[in-house]
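Now for the letters of each chain:
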Protein chains: 2
Amino acid sequence: MMTNNKHVLCVEQSEQTEMSSVLQVNPRVRAIRAPTRLQSVAARITQQIAQGANKPFKKVIDVSSDDPHRMGMAPISFVRQVLAVCLYPELLEEKTLPLDVRQRAKRLLGVCGGGSVGSYSTATSGLPLVKKSIADFITKRDNGVSSHPENIIISNGSQKTLSLVLHLMASGTGVTQTGVLTPVPSPHTLPMLIDLSGVKLVPYQLKEEAGWAVELEELQQALATARGDCEPRAIYISNPGNPTGHVQDRKTMERVIRFAAAEGLVLLAEEVNQDSVYGQGKEFISYKKVLFEMGKKYAEKVELISLHSISTAPMGECGLRGGYMEVLNIDPAVYKYLRNIQLTSSPPVISQLALEVMVNPPTPGDLSYKTYAQEILHTQTMLSQNAQRACEFLNGLPGINCEPAMAGVFLFPRLHLPLKLVEEAEMLGLEADVFYCQKLLEEEGVCLGAGCENGQDDQNHHIRLCVLAPPDTLEEVLARLRSFHLRLLYRFP
Amino acid sequence: MMTNNKHVLCVEQSEQTEMSSVLQVNPRVRAIRAPTRLQSVAARITQQIAQGANKPFKKVIDVSSDDPHRMGMAPISFVRQVLAVCLYPELLEEKTLPLDVRQRAKRLLGVCGGGSVGSYSTATSGLPLVKKSIADFITKRDNGVSSHPENIIISNGSQKTLSLVLHLMASGTGVTQTGVLTPVPSPHTLPMLIDLSGVKLVPYQLKEEAGWAVELEELQQALATARGDCEPRAIYISNPGNPTGHVQDRKTMERVIRFAAAEGLVLLAEEVNQDSVYGQGKEFISYKKVLFEMGKKYAEKVELISLHSISTAPMGECGLRGGYMEVLNIDPAVYKYLRNIQLTSSPPVISQLALEVMVNPPTPGDLSYKTYAQEILHTQTMLSQNAQRACEFLNGLPGINCEPAMAGVFLFPRLHLPLKLVEEAEMLGLEADVFYCQKLLEEEGVCLGAGCENGQDDQNHHIRLCVLAPPDTLEEVLARLRSFHLRLLYRFP
């Protein structure tokens, strides 16, 4: 029975079918860590419900990913109006659409090949107008630290952008293999991406009791341990942190920059949560700004790649697939290779136009400004309130401890699981946090993320929870989670 | 002077700046063949004109790529109407849009997470409804040879799809490195893609004088030569051929299938031109259909991956980035790895919906059918007439010989270049066909593709010309090409 269950429950593996064709699969692909089965279990349950199966819940609520529209968040009207007109230019004459929507669409269409979003934009690593708008946005955001369109590369999402960079840097094997210092916890999609790119993941632990801050000693220790094992050549920073919600202060950032400079590491700054900081007294400062304010010694030396995306709050346009990177102080010959990779894949034009609207939104006086500002404020307020509400709720449950988030869309609470439960999970061949999430999914129809997907080791159990959802959905999630959690503690006293 | 010119004109190289950081670039990335500079020269000239530079032409016409909207071809209205409504669902109430447009959009929105195209579709390698429509389309197309949604993987364009597969297959080094038999000429984006994936390109020559047919002896010879040099594990077929316009007959396809079966090669069938066959008496037959009609021995054995895309004629939606592959007879354990790669990158939802409309268009009786059918017919007729017109025109010029195309959007004529011109190109460090195209671009503002980009060797000069353009644009291209060509022959007698 147990053994049977194991096959149902455990992480997918295929050791039983090592046929020759499998052995011929790219070793990098074979080395990708197996995904947890949570998403497919969720899909299976959803299908069962559709086929009339009797469950104690009406539908599965998936809060494991930063996928706000899926959870019922509305898109920003101005973005969608402009894109709709770009797709179907006959709407340029549609008087029920605001004039500034149509003017923007007309301008954007004017820079598409043949005036159509159906043309490639391969040759230029993104539409020049969009790159210009991005550079202007960055310059303004950083109080005048100037940004140049030629340093911007547009891609389809920050994950894809990062995978271009990792692919560029991947070289060597064994002790010469490129290593990337990676936070624990990291964004949950990052470990698979690093595996696939053939780069070695060098973990550094964030300090949970300090609200998930980066600590210099931990970076130094991680680097020292890694050397001799691989060749660490970059450090990945997620700020504001995914999934931690931590916002770094200037002092910490200066320390990180000095560390990267001293150790010759490329600084990969994932800054996609820059527009969703809500913690009291917290503000987003870009790594680029800090770098430039530290003077030429750093500003002209540290190799910095900063990532942003249209997938994050408040826009949440994950399905459009759009993002960009700004690249600084990279050897021009290396940069050329990056653009060569880019030549083999052209980002969707629609998502580039969405990027343009994100970085260049309506301003006071524009017809659409009021609605736009209201929608943004609505999302930001809801996010902030939800994060606070959920954090307090979780901290009220026995055996759960949640650091308050200051930004971003996730909470990442710690589970203090009963030893017996951990042992049962072990017997089933599962991480205890995966076991917890799977049981929750089966019994209550709530899909959380398991902390191990964020790189947490198996002594240290966490769950991941996106709080950017309509408040009633969040309440439903919390209520179901509470029922399950208390029941579980009763079962495993 | 000459040396100076060389730096201006020649293919970009960087041998002068081999700094340590360049040496640390992924060797696969460094191994990507350098792109010709034609596109960037075209962009530079366009910019010069915008800045008021005096040129003998008003604008650059780029016919080097299969990018029909850029050249002025209109999108299919039904596709764009549906997508516009999906982006901005308030248009569901817009009575000026046909009812079937709004019904389709409503149905498609119903399968998007949270009813929004802004949600990820990562978990399922594409939206299930879209995969079902694709499978139904294939089944109908192949007269009942059944297709199953679980064998469909959606990706952002056929290039991306292919790069997933190549990445999966890439393994070994030296004599154990995976090799892929690749036609010469091949689609012009293919060689860079193969380089980047770390797979070895094993060329097989198509027979120009037989209208670019595949010949079995050539395949056998290419394979025999490659063995001992690498481990050939797949054969790439472009049918209908890009850039050749050749349409394979059933006998040839049977031969290719028997060859792949006997040699244990995966059959990579790029069939993106399946909807643009116009040659007298020619028809598209899918590799899958032929495979199944050859009986179980082949139908259940040969590993077949077939690619299709929304970028090709008649839709030409390159900028949306959408395509799919159907995967047959692949070891389930290997297939699982393919899906793991896919998990790291979610295709744009908008392009998936465009795919759905492509494979499931309006039918007789639907409100939009008449317009849809007219638009498709218009494009197909224009393509056929343009191809014939351009072929006759080119064959009328001295030193140009063009095989008639039967399908697809390209012509691929041969240039018989004067020896002196070839020598001058050589002195400039350029392929002669690149030199020809660059001169044409500078003197007449027409950007053609150089045959070497399609893998043609330097003894064998060709140009590539997309003929899917409004007829007056095509006439303009032909007239400018004629002036230049005759002038060139006069200069190099």
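Residues numbered from 1 in each chain as written. Chains lettered and ligands numbered in written order. Predicted model: local features only at pLDDT ≥ 70, side-chain atom pairs only at ≥ 80, totals over all residues. Heavy atoms only, no water.

Enquirer: Any chance you could break down the side chain of S197(A) for me, citing the residues and the numbers?
Expert: All names here are of chain A. With respect to the helices, strands and loops of the structure, S197 is situated in helix α9 (residues 190-197). Classification of S197 by relative accessible area gives buried; the value is 5%. S197 has contacts with R28, L166, H167 and A170, leaving out every residue within four places of it along the chain. (Helix = DSSP H or I, 4+ residues; strand = E, 2+ residues; numbered from the N terminus. Buried < 20%, exposed > 50% of the residue type's maximum accessible area, 1.4 Å probe, protein only. Contact = heavy atoms within 4.5 Å.)

Enquirer: Which residues make up unusual backbone geometry, and what values go with them?
Expert: Here the amide bond leading from A313(A) into P314(A) is cis, since omega sits at 0°, within 30 degrees of zero. The amide bond that connects V184(B) to the next residue, P185(B), takes the cis arrangement and shows omega of 0°. Structurally, P185(B) is set in the loop between β3 (178-184) and α9 (190-197). Located in the positive-phi region is W212(A), a residue other than glycine, with phi close to 70°.

Enquirer: Account for the sheet that holds strand β6 (residues 266-270) of chain B, with residues named and values stated.
Expert: All names here are of chain B. Spatially, β2-β8-β7-β6-β5-β3-β4 is the arrangement adopted by the 7 strands of the open sheet, whose pairing is mixed. The sheet is open, and its two borders are formed by β2 (152-155) and β4 (200-205), each paired with just one other strand. Taking each pair of neighbouring strands and ignoring which way they run, the sheet shows an average axis angle of 25°. One ladder, built from 6 bridges, connects β3 with β4; its direction is parallel. (Pairing = 2+ DSSP bridges. Axes fitted to C-alpha atoms, helices over the stretch in contact; angles between N-to-C directions.)

Enquirer: Explain the relation of the copies chain A and chain B residue by residue, including any values.
Expert: Once turned by 180° and shifted 0.0 Å along the axis, chain A lies on chain B with an RMSD of 0.0 Å. Such values leave the two copies arranged in the relation of a two-fold axis. It is A84(A) whose C-alpha, among those of chain A, lies nearest the rotation axis, at 2.2 Å. Of the residues that chain A buries at the interface, 100% are likewise interface residues in chain B, meaning the two copies contact each other through the same surface. (Least-squares fit on C-alpha atoms with pLDDT ≥ 70 in both.)

Enquirer: Help me get a handle on the domain arrangement of chain A, residues and values and all.
Expert: All names here are of chain A. Under the domain assignment, chain A is made up of domain 1 (27-73 + 378-427 + 435-491) and domain 2 (120-359). Each of domain 1 and domain 2 has a C-alpha centre, and the two are 27 Å apart. Taken together, the contact pairs 36 residues of domain 1 with 38 residues of domain 2. Between domain 1 and domain 2, a total of about 3,000 Å² is buried, with carbon and sulfur atoms accounting for 57% of that surface. Run the count over domain 1 and domain 2 and you get 1 salt bridge. Residues R414 and E208 are paired through a salt bridge, measuring 3.0 Å at the closest nitrogen-oxygen approach. Connecting domain 1 to domain 2 are 13 residue pairs in polar contact (both at pLDDT 80 or more). (Domains from an automatic or database assignment. Buried area = accessible area lost by both parts, 1.4 Å probe. Salt bridge = Lys/Arg side-chain N within 4 Å of Asp/Glu carboxyl O. Polar contact = N/O pair within 3.5 Å; in protein donor to acceptor, adjacent residues only side chain to side chain.)

Enquirer: Tell me about the sheet that holds strand β10 (residues 410-411) of chain A, and name the residues and values.
Expert: One open sheet accounts for 3 strands, arranged β10-β14-β13 (chain A); its pairing is antiparallel. Both outer strands of the open sheet, β10 and β13 (449-450) of chain A, are each paired with one neighbouring strand and no more.

Enquirer: Provide a residue-level description of the pattern of salt bridges, including the pertinent values.
Expert: Residues and elements named next belong to chain A. Per the stated rule, a full pass over the model turns up 36 salt bridges over all chains. With a closest N to O distance of 2.7 Å, R70 and D67 form a salt bridge. When its relative accessible area of 5% is taken as the criterion, D67 is described as buried. Notably, a salt bridge pairs K289 with E293, separated by 3.3 Å at the nearest N-O pair. Here the residue K289 and the residue E293 both occupy positions in helix α12 (residues 287-293), the gap between them amounting to 4 residues, near one helical turn. Under the relative-accessibility criterion, K289 is labelled buried at 11%. One continuous salt-bridge network, built from bridges that share partners, spans E443, E444, R487 and R491.

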